[in-house]
Structures are given as structure tokens and as C-alpha cells.
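Chain by chain, the residues:
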Amino acid sequence: MTSRGDAGSRHVPVLLERCVDLLEPALAEQGSVCVDATLGMGGHTEAVLTRCPEARVIGLDRDPEAIALASERLAPFGDRFTAVHAVYDEVGEVLERLADGTARGILFDLGVSSLQLDEAERGFAYRHDAPLDMRMDQSRGMTAADVLNTYSHGELAHVLKAYGEERFAGRIASAVLREREKAPFTTSARLVEVVRSAVPAASQRTGGHPAKRTFQALRIEVNAELAVWERAVHAAVDHLAPGGRLVVLSYHSLEDRITKQALAEGSRSRTPPGMPVELPEHAPYLRLLTRGAEVPSETEQATNPRSASARLRAAERLSPNGVTA
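Not measured: the values here are computed from a predicted model.

Student: Looking at this structure, I do not really get the packing of helix H2 (residues 16–23) against helix H3 (residues 43–51). What am I missing?
Tutor: Packing of H2 against H3 brings their axes to within 10 Å, and their N-to-C directions diverge by 50°. The orientation of H2 relative to H3 falls into the category oblique. For H2 against H3, the interelement crossing comes out right-handed. Here Leu-16, Glu-17, Cys-19, Val-20, Asp-21 and Leu-23 of H2 lie close against H3, whose contacting residues are Gly-43, His-44, Ala-47, Val-48 and Arg-51. Its residues placed into classes, the contact of H2 with H3 shows six nonpolar, two polar and three charged.

Student: Any chance you could explain unusual backbone geometry here in plain terms?
Tutor: Most peptide bonds adopt trans geometry, and most residues besides glycine take a negative phi value. Backbone geometry places Leu-15, a non-glycine residue, at a positive phi of 45°. Considering the arrangement of structural elements, one finds Leu-15 in the loop between helix H1 (4–10) and H2. Located in the positive-phi region is Ala-224, a residue other than glycine, with phi close to 50°. On the secondary structure map, Ala-224 appears in the loop between helix H11 (212–222) and helix H12 (225–238).

Student: What is the right way to look at the sheet that holds strand S3 (residues 81–85) in this model?
Tutor: Whether parallel or antiparallel, the strands of a sheet pair through hydrogen bonds between backbone atoms. Overall, mixed pairing links the seven strands, which are arranged S3-S2-S1-S4-S5-S7-S6 in an open sheet. In the strand order of this sheet, the two ends are held by S3 and strand S6 (286–288), each with one partner. Strand-to-strand twist of the sheet, defined as the mean angle between neighbouring strand axes without regard to direction, takes the value 20°. Across the sheet, helix H5 (residues 91–98) touches strand S1 (33–36), strand S2 (56–61), S3 and strand S4 (103–109), and the angle it forms with S2 is around 140°. Along the sheet, H12 contacts S4, strand S5 (240–250), S6 and strand S7 (311–317); its crossing angle with S5, the most-contacted strand, is approximately 155°.

Student: Explain the packing of helix H8 (residues 153–164) against helix H9 (residues 169–182) to me, please; I cannot follow it from the model alone.
Tutor: What describes two packed helices is the angle between their axes and the distance between those same axes. Direction vectors running N to C along H8 and H9 enclose 135°, while the axes themselves pass 8 Å from each other. On the basis of the axis angle, H8 is oblique to H9. Along this stretch, H8 crosses H9, giving a crossing that reads as right-handed. Residues His-153, Leu-156, Ala-157, Leu-160 and Lys-161 of H8 pack against Ala-169, Gly-170, Ile-172, Ala-173, Ser-174, Val-176 and Leu-177 of H9.

Student: Even after reading the chapter, I still don't get a negative patch on the surface, so can you show me in this structure?
Tutor: A cluster of acidic residues, Glu-90, Glu-93, Glu-96 and Asp-100, forms a negative patch at the surface. Taking relative accessible area as the criterion, Glu-90 reaches 30% and is therefore assigned partly exposed.

Student: Just checking my understanding: could you explain the nonpolar core for this structure?
Tutor: A general trend in soluble globular proteins is that nonpolar side chains are found buried together. In terms of nonpolar packing, the biggest core is built from 65 residues, with Val-35, Ile-106, Phe-108, Leu-156, Leu-191, Trp-229 and Leu-246 touching the most fellow members. When residues of this core are assigned to their parent elements, the largest contribution, eight residues, is made by H12. Not counting residues within four places of it along the chain, the set of residues in contact with Leu-246 comprises Ile-106, Phe-108, Val-233, Ala-236, Val-237, Leu-240, Leu-263, Arg-313, Ala-314 and Ala-315. Core analysis: the next-biggest nonpolar cluster, separate from the first, contains 27 residues, Leu-15, Leu-39, Val-247 and Ala-314 among them.

Criteria and thresholds
Residues numbered from 1 in each chain as written. Predicted model: local features only at pLDDT ≥ 70, side-chain atom pairs only at ≥ 80, totals over all residues. Heavy atoms only, no water. Axes fitted to C-alpha atoms, helices over the stretch in contact; angles between N-to-C directions. Helix = DSSP H or I, 4+ residues; strand = E, 2+ residues; numbered from the N terminus. Parallel < 35°, antiparallel > 145°, perpendicular 65-115°, else oblique. Left-handed = near helix turned anticlockwise from the far one by under 90°. Contact = heavy atoms within 4.5 Å. Nonpolar A, V, L, I, M, F, W, Y, C, P; charged D, E, K, R; others polar. Pairing = 2+ DSSP bridges. Patch = residues over 30% accessible without salt bridge, like charges linked within 9 Å, V, L, I, M, F, W, Y side chains within 5 Å. Areas by Shrake-Rupley, 256 points an atom, 1.4 Å probe, with all protein chains shown as cover. Salt bridge = Lys/Arg side-chain N within 4 Å of Asp/Glu carboxyl O. Lys, Arg positive; Asp, Glu negative; His and termini not counted. Charge placed at Lys NZ, Arg CZ, Asp CG, Glu CD. Buried < 20%, exposed > 50% of the residue type's maximum accessible area, 1.4 Å probe, protein only. Core = buried A, V, L, I, M, F, W, Y, C linked by side-chain atoms within 4.5 Å.

Here it is in C-alpha cells:
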């Protein structure tokens, strides 16, 4: 039986105090709704519920195991916490169902969780031999093995190049297609060896494990992370109440680029050139709360190496006017 302590000990939330500091001013009123759209093991939600006693949190996660662990951890907060099995681009539908359609705070902590990385049988980690699954929700969708065994050379090379920023995407794709003719891919150890054989030895001396980028790319493809995030960030802005705050932690340059563009779009005036007066519907509907992307301190990166690639952006909703998508 999993104990409540397990969730807290197995995951260290990134930029925890900063995230709560940004959300807290919007959650002072009784009944304020905050959505933790990537609940994980509940660390950020626990801090919000502790620091913001008037608020309630709706926690979303596509991983049923995360829902179970976080729900046990957060049980002491009673009905101030509600868990929902959902992907984070469903944030709008969840708010329509469980609140008045808006939230005062929305938090996204993107990427793969410690729960998924640390459980070898999930297939996310290249350091463990495990079935090539990589689905955040193991109840549906294609697996990483499906991608490796069915994609064309061009499709696979595109995934590795676009999502893993892998310099040797073509060589790795060629090696995968050769090897799958012998037998389908089923486990991660074989994929690691294929990648290692395809990447030049000189390039393996720097940049970390040679399979790191391939595994990242497959995970993003399997879970459609970038397409989901594109929909989710706009849905979140659409469902923020005036004065509500959106906080986003991303760990990949493409995720961060989508976030940056969405927040920048909302913070700019859309007044047509030559119009002497800014009409309300053309005014910015977001105020940026961070200058560029904030990063964890050197101390946090040293104590929690998984935070090293984190980028934090935040914004406040100014008015309900304007189109965000």
C-alpha cells in the first residue's frame, strides 16, 4: 500500500516558493479556485492549499497513479481539493463542470514527472531496461514501441530532430529501421544500444547520455505534448478570471516558445495602425509577471538536478476582453 509520505519523498517540486508567491495574490478571496493542471504527486498543490487557506484546488493529471498518490497526500485538506483524471488541455471543460467556468489561478508544471521517470516499468528512462511504453496515461494511445515499429524513416527522423533536437536524427532513424527488420522493438535497452551505435563516438564524449534526446523526443510524440500544450495554454488564458494568474514551468525549448508567444500575444495592444484611440477590445488582456523566463537558483539546481532546464513564465489576466486563440 502506498503511503502518503511516498509522494512527498519521491518528488521535489521545482521553484515551489516562487510559484506559490506568484499565485497567492489571486487566491485571497474565499472560494477562490486554483487549477493545478499537472498535479503529479501534489507538491505544488499542497503548498498552495497551505499558503492560501481561502482557496480550493482542482488537480488534473492524465496518469491515474499520480491521481491516487496525490489524493492520498492531500486528503487532510478535505473538500478543498478535487482530483480529476484529465489531460491538461481539458482545463476549460473541467472548469465549466466543477466551477463557474473560470479560475483565479492556473499552474502548469510541464514535462515528465519524477513518478514516471523513477518507475522503470513505465519505459521513460534510458538507464533502465523496460517495455517501451512512455504513455503518461497507460490506459490509451500508442506506445513508444508503436512509433519505433511503424513510423517511416522520414517520420521518425522528424520526431527525433524536432522534439529531441537530435543532430543525428537521420542516422538513428536508419539504424532503427534496419534493426526492426530483424525483430520489433519492445524494450528500452535495445533502443539504447541502437542509438549508441548510430551516434559517432566523438559526439558521445559530451552532452550527456547519447540516448537522452531520443527518449525525450519519443515521449513528446507518444503523449502529443506540444499539440496538447498549444491548446492548453490558450484554454487556460481564456478561462482565467480578471485578476487571475497563470504560472507555467516548462523544461523544453519548444514548450517554452509556445508559452512565450501566447503570453506575449496577450500582453500587446491589438490596436490597428493609424487608429488614434485604443478601443477596449484591442487593449492587452494580460500583464506579464516575469521578465523573460526565470530559472532556478544554482542552489536549487545543485540539490534538484531535474530542475536545471526549468523555465518559469507568469501572467495576470487584466480583462475578459479580446480573443486569446
